[in-house]
Amino acid sequence: MFPRLATVALGLVAVLLWPRPGAAESSELTLEEALALARQRAPALLEAAGRVAEARGPVAGASPLLHGNPTLEVEAGPRTQATGARTADIAVGLSQPFELGGKRGGRLEVARAGLARETAQQRDTERRVLGEVADTFLRALHARERLRLARAAEEAARDVAHATQRRFEAGDVPVVDVNLARVALVRARADVLGAEGGVAALLGELYVLLGLPTDAELGIRGDLRELAAQPVEAPSSQTERPDITALVAELEEARAERSQGARAAWPDLNVGVRYESEGNERVLLGALGVTLPLFARGQSARVSGEARVQRLQVALEAARRAQTVQVRAATAQYLKEREAVELLAREVLPLLADNEQLARRSYEAGEMALAEFLLVRREVLEARAEYLDRLLRAALSRVHLAVQAGALR
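Residues numbered from 1 in each chain as written. Predicted model: local features only at pLDDT ≥ 70, side-chain atom pairs only at ≥ 80, totals over all residues. Heavy atoms only, no water.

1. So, the side chain of T136
Argument step 1. Positionally, T136 belongs in helix 4 (residues 103-169).
Argument step 2. Polar side-chain contacts of T136 include one of 2.9 Å to the backbone oxygen of E132.
Argument step 3. Those residues within four positions of T136 in sequence are excluded, and the remaining contacts are L202, E205, L206 and L209. (Helix = DSSP H or I, 4+ residues; strand = E, 2+ residues; numbered from the N terminus. Polar contact = N/O pair within 3.5 Å; in protein donor to acceptor, adjacent residues only side chain to side chain. Contact = heavy atoms within 4.5 Å.)

2. As for the sheet that holds strand 6 (residues 281-290)
Argument step 1. In spatial order, the strands read 2-3-5-6; together these four strands make up an open sheet with antiparallel pairing. Among the strands making up the open sheet, the edge pair consists of strand 2 (71-80) and strand 6. With direction set aside, neighbouring strand axes in the sheet form an average angle of 15°.
Argument step 2. Here strand 5 (residues 269-278) pairs with strand 6 via ten bridges, running antiparallel. When the bridges of strand 6 are listed, L269 appears paired with V290. (Pairing = 2+ DSSP bridges. Axes fitted to C-alpha atoms, helices over the stretch in contact; angles between N-to-C directions.)

3. Regarding the packing of helix 2 (residues 31-41) against helix 3 (residues 43-62)
Argument step 1. Running from N to C, helix 2 and helix 3 cross one another at 40°; their axes reach a closest spacing of 6 Å. As the angle between them shows, helix 2 and helix 3 are arranged oblique. On the side of helix 2, the interface is formed by A38, R39, Q40 and R41, while helix 3 contributes P43, L45 and L46. (Parallel < 35°, antiparallel > 145°, perpendicular 65-115°, else oblique.)

4. What to know about the pattern of salt bridges
Argument step 1. Applying the stated criterion to the full structure yields 33 salt bridges.
Argument step 2. Residues R117 and E253 are paired through a salt bridge, measuring 2.8 Å at the closest nitrogen-oxygen approach. Linking R117 in helix 4 with E253 in helix 7 (residues 242-263), this pair joins segments that are 136 residues apart in sequence. The same class applies to R117 and to E253, which are both buried.
Argument step 3. Taking the shortest distance from any N to any O, the salt bridge between R148 and E145 comes out at 3.1 Å. Taken together, the residues span about one helical turn, with R148 and E145 both in helix 4 at a distance of three residues.
Argument step 4. We classify R148 as partly exposed; its relative accessible area is 47%.
Argument step 5. When salt bridges that share partners are traced, they join R117, E118, E250, E253, E257 and R308 into one network. (Salt bridge = Lys/Arg side-chain N within 4 Å of Asp/Glu carboxyl O. Buried < 20%, exposed > 50% of the residue type's maximum accessible area, 1.4 Å probe, protein only.)

5. Observations concerning a nonpolar patch on the surface
Argument step 1. On the surface, L65, L66, F98, V271, L288, V290, L292, L294 and F295 cluster together into a nonpolar patch covering about 980 Å² of accessible area.
Argument step 2. Within the secondary structure layout, V290 lies in strand 6. (Patch = residues over 30% accessible without salt bridge, like charges linked within 9 Å, V, L, I, M, F, W, Y side chains within 5 Å. Areas by Shrake-Rupley, 256 points an atom, 1.4 Å probe, with all protein chains shown as cover.)

6. Concerning the packing of helix 8 (residues 299-347) against helix 10 (residues 370-405)
Argument step 1. Direction vectors running N to C along helix 8 and helix 10 enclose 155°, while the axes themselves pass 8 Å from each other. Relative to helix 10, the element helix 8 is oriented roughly antiparallel. Regarding helix 8 and helix 10, the two cross each other, and that crossing is left-handed.
Argument step 2. Looking at the contact of helix 8 with helix 10, its residues break down into twelve nonpolar, seven polar and six charged. (Left-handed = near helix turned anticlockwise from the far one by under 90°. Nonpolar A, V, L, I, M, F, W, Y, C, P; charged D, E, K, R; others polar.)

7. Quick look at the pairing of strand 6
Argument step 1. Taken across its ten residues, strand 6 has zero buried, putting it largely on the surface.
Argument step 2. Following strand 5, the chain reverses through two residues before pairing antiparallel with strand 6; G279 in that reversal takes a positive phi of roughly 65°.

8. Focus on the side chain of R241
Argument step 1. Tracing the backbone shows R241 in the loop between helix 6 (224-229) and helix 7.
Argument step 2. Of the polar contacts made by the side chain of R241, one reaches the side chain of Q326; its length is 3.2 Å.
Argument step 3. In this structure, R241 is in contact with R127, Q323, Q326, V403, Q404, A405 and G406, ignoring residues within four places of it in sequence.

9. Details of the pairing of strand 5
Argument step 1. As judged from the ten bridges shared by strand 3 (residues 86-98) and strand 5, these two strands associate in the antiparallel manner. Each residue of the ladder has a partner; that of P97, found in strand 5, is N270.

10. Some remarks on the nonpolar core
Across soluble globular proteins, you tend to see nonpolar side chains buried next to one another.
Argument step 1. In this structure, L35, V133, F137, L138, L206, L210 and I220 are the most contacted members of the largest nonpolar core, which totals 53 residues.
Argument step 2. Listed by contribution, the elements that provide at least two residues to this core are helix 2, helix 4, helix 5 (175-210), strand 4 (218-220), helix 6, helix 8 and helix 10.
Argument step 3. Counting residues per element, this core draws most heavily on helix 4, which supplies 13 residues.
Argument step 4. Counting ten residues, the second-largest nonpolar core is a separate cluster that includes A161, A181, A359 and L374. (Core = buried A, V, L, I, M, F, W, Y, C linked by side-chain atoms within 4.5 Å.)

Below, the structure is given as structure tokens:
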């Protein structure tokens, strides 16, 4: 366990210390290293972390014991008495509002539930982003394997073209065979060019997902067959998927907002003290004010909160049912894709090399026409490509199962 973690960590450090522009070195990532890098640099995850940081603001705002700030009032002005004498009147007042009915606790509940929702959504974003990174990584691996297959086919087509040209010059074959061999070589070269473009496109997508600079030299390494065969770690039965956890937190937030609307029917107090100086008289007064919630009684928060609670309860039940179905369907798909890969590996792959060798010997011995030989080789190539496609589908179905189960790490 620890050596594996150390390998991932070293690979991640090597990527983070990326060569500067102009460097000739390039880095190769395994799937584990790509996922670790995504957690550090993926733009979508950085944005989700920013939303969590923003959600801490309402919690900080609701934490103080008193919601309102004290008010200081100062009044001053001249007083002219009947005798013509002039004096100065001064009044100083200090008041502090106090909430009743647990309004501060209600606001804190709403804020904490909002923070829990954003935190769960951050984890759900990570789940989805890691699934997309793994999907793109596997497709890039598949494209690289298809490129290798295309290059091998091009090399074989070039050998056949050269051999056919020599046989034509010796008078063994007609010119039509030379043309067929050239056409096969050009088609093989076109397949290589298309495969190279596919690799470049998928690596570009991986650049974007990982938040890498455009001048980075990114390479990948891995074995599709090994990645497709890796087991999926089953999550704990008591651990819900992050998107469902976010719905639970949103439901708690709606309930807290509904309760906060009910608390709005409570009055608020305003306690203060006032000092007045009028001529030679001094007065110290206490003040007590009470709001009268006759009209604004939290009607909007209560009605909207109740509707939101009911909507989220339905959505939460549907999401939990959907997760069970999704995991079951993804498991069935993964098992069938694995079975298809094993069937091809067991029944088809051993025959492909034999068929290609036998066909080549028959052609060289003059027992098979070039068109027939090219057809056999094309069928062999398509079978190998189909096997790679099946490997990709099995690997992708494994990632899909891990994403649906919330087990992708």
